[in-house]
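# Remarks on the overall topology
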Amino acid sequence: MIGLQPEGDVDWSMYRGIMVVVEQRSGVAKPVSWQLLGEARRLADKLDAPLMALVMGQDVSHIAQQAIGYGADIVYHADAPELKDYRTRPYSRVCLKVIKTYRPEIVLMGATYTGRDLAGAIATHLPTGLTADSTQLDVDDERLLLASRPAFSEKMLATILCKQFKPQMATVRAGVFQALPYDEKRTGKIIAVHQDMHENDIVTKVLEFVQDDNRVNLEDAQVIVAGGRGLGGPDGFKLLHELANVLGGTVAASRAATDLGWIDHAYQVGQTGTTVRPKLYFAIGISGAVQHVVGMQNSDYIVAINKDPNAPIFQIANYGIVGDLFEIVPLLTKAFQERLTPVMAR
Ligand SMILES: Cc1cc2nc3c(=O)[nH]c(=O)nc-3n(C[C@H](O)[C@H](O)[C@H](O)COP(=O)(O)OP(=O)(O)OC[C@H]3O[C@@H](n4cnc5c(N)ncnc54)[C@H](O)[C@@H]3O)c2cc1C
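Residues numbered from 1 in each chain as written. Predicted model: local features only at pLDDT ≥ 70, side-chain atom pairs only at ≥ 80, totals over all residues. Heavy atoms only, no water.

## Observations concerning the nonpolar core
- Counting 42 residues, the largest nonpolar core has Phe237, Tyr281 and Ile284 as the members making the most contacts within it.
- Every element with two or more residues in this core is listed here: strand S13 (223-227), helix H5 (236-247), strand S14 (250-253), strand S15 (280-284), strand S16 (301-306), helix H8 (313-316) and helix H9 (325-345).
- The element that contributes the greatest number of residues to this core is H5, accounting for 6 residues.
- Dropping the residues within four chain positions of it, isoleucine 284 is found in contact with Val225, Ala226, Gly227, Gly228, Leu240, Leu243, Ile305, Leu325 and Val329.
- In terms of nonpolar packing, the next biggest core, distinct from the first, is built from 33 residues, Val20, Ala53, Val55 and Ile106 among them. (Core = buried A, V, L, I, M, F, W, Y, C linked by side-chain atoms within 4.5 Å. Buried < 20%, exposed > 50% of the residue type's maximum accessible area, 1.4 Å probe, protein only. Helix = DSSP H or I, 4+ residues; strand = E, 2+ residues; numbered from the N terminus. Contact = heavy atoms within 4.5 Å.)

## What about the site of the ligand?
- Around the ligand, the surrounding shell holds 25 residues, and the nearest of these are Arg229, Ser254, Thr272, Ser287 and Asn306.
- Measuring from an oxygen atom of the ligand, one finds a side-chain N or O atom of arginine 229 at 2.6 Å.
- In the complex, the protein chains occlude 77% of the 980 Å² of accessible area that the ligand would expose alone.
- Here the residues of the shell around the ligand sort into 6 nonpolar, 14 polar and 5 charged. (Near = heavy atom within 4 Å. Polar contact = N/O pair within 3.5 Å; in protein donor to acceptor, adjacent residues only side chain to side chain. Areas by Shrake-Rupley, 256 points an atom, 1.4 Å probe, with all protein chains shown as cover. Nonpolar A, V, L, I, M, F, W, Y, C, P; charged D, E, K, R; others polar.)

## With respect to the pairing of strand S1 (residues 18-22)
- Across the 5 residues that make up S1, a large majority, 5, are buried.
- In the sheet, S1 pairs with strand S4 (residues 51-57) via 5 bridges, with the strands oriented parallel. By the bridge assignment for S4, valine 21 is matched with leucine 54. (Pairing = 2+ DSSP bridges.)

## Some thoughts on unusual backbone geometry
- Looking along the chain, the bond that leaves leucine 126 and enters proline 127 is cis, with omega of -15°.
- Looking at where proline 127 falls in the secondary structure, it is placed in the loop between helix H4 (113-125) and strand S7 (130-134).
- Note the cis peptide between lysine 166 and proline 167, where omega equals -5°.
- Mapping proline 167 onto the fold places it in the loop between strand S10 (156-160) and strand S11 (168-172).

## A look at the packing of aromatic side chains
- Tallied over the full model, the rule gives 8 aromatic pairs.
- Relative to phenylalanine 165, the ring of tryptophan 12 lies with its centre 6.4 Å away and its plane at 55°, an arrangement referred to as tilted. Here tryptophan 12 is found in the segment before S1, whereas its partner phenylalanine 165 is found in the loop between S10 and S11, with 153 residues between them in sequence.
- Put simply, the rings of Trp12, Tyr15 and Phe165 pair up and form one aromatic cluster. (Phe/Tyr/Trp six-rings, centres within 6.5 Å; stacked < 30°, edge-to-face > 60°.)

## Describing the sheet that holds S4
- In spatial order, the strands read S7-S11-S6-S1-S4-S5-S12; together these 7 strands make up an open sheet with parallel pairing. With partners counted over all chains shown, the strands left at the sheet margins are S7 and strand S12 (189-192), one partner each. Between one strand axis and the next, the sheet turns through 20° on average, direction left out of account.
- Both strand S6 (residues 106-110) and S11 contribute to a ladder of 5 bridges, which runs parallel. Its bridge partner being in S11, methionine 109 is matched across the sheet by threonine 171.
- Packing against the sheet, helix H2 (residues 61-69) makes contact with S1, S4, strand S5 (74-79) and S12, and its axis sits at approximately 170° to S5.
- Against the sheet, helix H3 (residues 88-102) makes contact with S1, S4, S5, S6 and S12, and its axis sits at roughly 155° relative to S4, the strand it touches most. (Axes fitted to C-alpha atoms, helices over the stretch in contact; angles between N-to-C directions.)

## Description of the state of the cysteines
- Under the counting rule described, the total for this entry stands at 0 disulfides.
- Here cysteine 95 stays unpaired: no disulfide links it, and the sulfur of cysteine 162, its closest cysteine neighbor, is 17 Å away.
- Judged by its relative accessible area of 0%, cysteine 95 falls in the buried class. (Disulfide = S-S within 2.5 Å.)

## Comments concerning the domain arrangement of the protein
- Considered domain by domain, the protein is made up of domain 1 (12-201) and domain 2 (223-345).
- Placing a centre on the C-alpha atoms of domain 1 and another on those of domain 2 gives a separation of 33 Å.
- In this complex, domain 1 contributes 8 residues to the contact, which on the side of domain 2 involves 8 residues.
- Buried area between domain 1 and domain 2, summed over both chains or domains, comes out near 620 Å², and the portion from carbon and sulfur atoms is 35%.
- Connecting domain 1 to domain 2 are 5 residue pairs in polar contact (both at pLDDT 80 or more).
- Classifying every residue of the side of domain 1 that touches domain 2 by side-chain character gives 3 nonpolar, 3 polar and 2 charged. (Domains from an automatic or database assignment. Buried area = accessible area lost by both parts, 1.4 Å probe.)

## Things to note about the confidence of the model for the protein
- In the predicted model, the protein carries a mean pLDDT of 92, and 95% of its residues have values of at least 70.
- Low confidence marks residues 342-346, where pLDDT is under 50. Its contacts with residues over four positions away, or in another chain, come to 2 contacts. (pLDDT = per-residue confidence, 0-100.)

## Describing the pattern of salt bridges
- Under the counting rule described, the total for this entry stands at 17 salt bridges.
- The salt bridge partner of aspartate 196 is arginine 93, with a shortest N-O separation of 3.4 Å. Taken together, the positions of aspartate 196 in the loop between S12 and S13 and arginine 93 in helix H3 put the pair 103 residues apart, joining distant regions of the chain.
- On the basis of relative accessibility, which here comes to 57%, the residue aspartate 196 falls in the exposed class.
- You can call arginine 93 partly exposed: its relative accessible area is 42%.
- Note that glutamate 338 and lysine 334 form a salt bridge whose closest N and O atoms lie 3.4 Å from each other. Placement of the pair is glutamate 338 and lysine 334 together in helix H9, with a separation of 4 residues, close to one helical turn.
- In the salt-bridge network here, residues are joined through shared partners; they are Glu39, Arg42, Lys46 and Asp138. (Salt bridge = Lys/Arg side-chain N within 4 Å of Asp/Glu carboxyl O.)

So this is what it looks like as structure tokens:
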């Protein structure tokens, strides 16, 4: 926003509260939205301001209700056939209307493909400042949002402020923050947002959604079985796939493994890869370099398998096995198979 000045005298004190734009697909909210509500709750309490959520889609009243259970005080709920699938124009129109009407001082959304697209479209229209892909959030005594994000090939953490415009906007990386435990007894207000959109006025059409079953979805995975240089080659990942299949999990990798071409970069966990927050993370043949650890240290349980007892990964592991992965992983797979299959078949 360098060089730009707000037009006329704007009374920014009219802007109050934090708004989280909830992302959903086919009626299922993205975990990042609940993680963001968790962190935004902390910031809203610090600012003594309301926490709002904006839920858009078709037949998504259940998500509006969920947003309250995850910490929102007020939910703006826009339900329309035109909002069934994500499209930039209709979604940004609703967002702009809600922001201009209810004036939140901060607007946050997940740094997903759609979140980044939507945030850019809104910020340029308002206009206001936007920090993309933040990994830390805070507010200062002047109610300014301090959005920090890795910069310059992740060598620096830049803290970015938007002093002259409102709302202050940021997209936030999935997996960094923790959702509050869902509380179905929480109460809040749901406000319907009406809009006069007509399909004929919307130039983009979604013809079909092609589900690519091979697409890696590390951010939403509950169990991740990750391998590193210790696997010795691409064949090692077969062992990991077998273990992941038994546990209903997803395979992932360290950068050493992706750089060596053993597995696609889309599987990389870490500072320059995906940040994950599964219930269970296996680090197999991974030393635990800081650039890897920052991407998985928030996992609920970490199990490390490494033949080096001094590998740094053991410092953050809840459970550690010192030994040869080629011996241990097949034994683990077999043991889980024997114990889990009867339960899952029930
Ligand atoms: C700017 C920058 C960004 C980076 N971003 C990332 C990132 O996003 N993600 C990431 O992962 N890294 C990243 N790195 C690289 C990171 O510093 C490490 O080099 C990398 O994580 C190491 O991967 P590794 O643990 O698989 O390999 P190594 O460090 O080589 O560790 C291999 C481990 O396997 C063990 N092992 C070997 N054989 C066996 C066996 N048979 N059984 C059991 N254990 C065995 C060894 O004891 C060792 O601990 C980045 C680096 C830089 C400079």
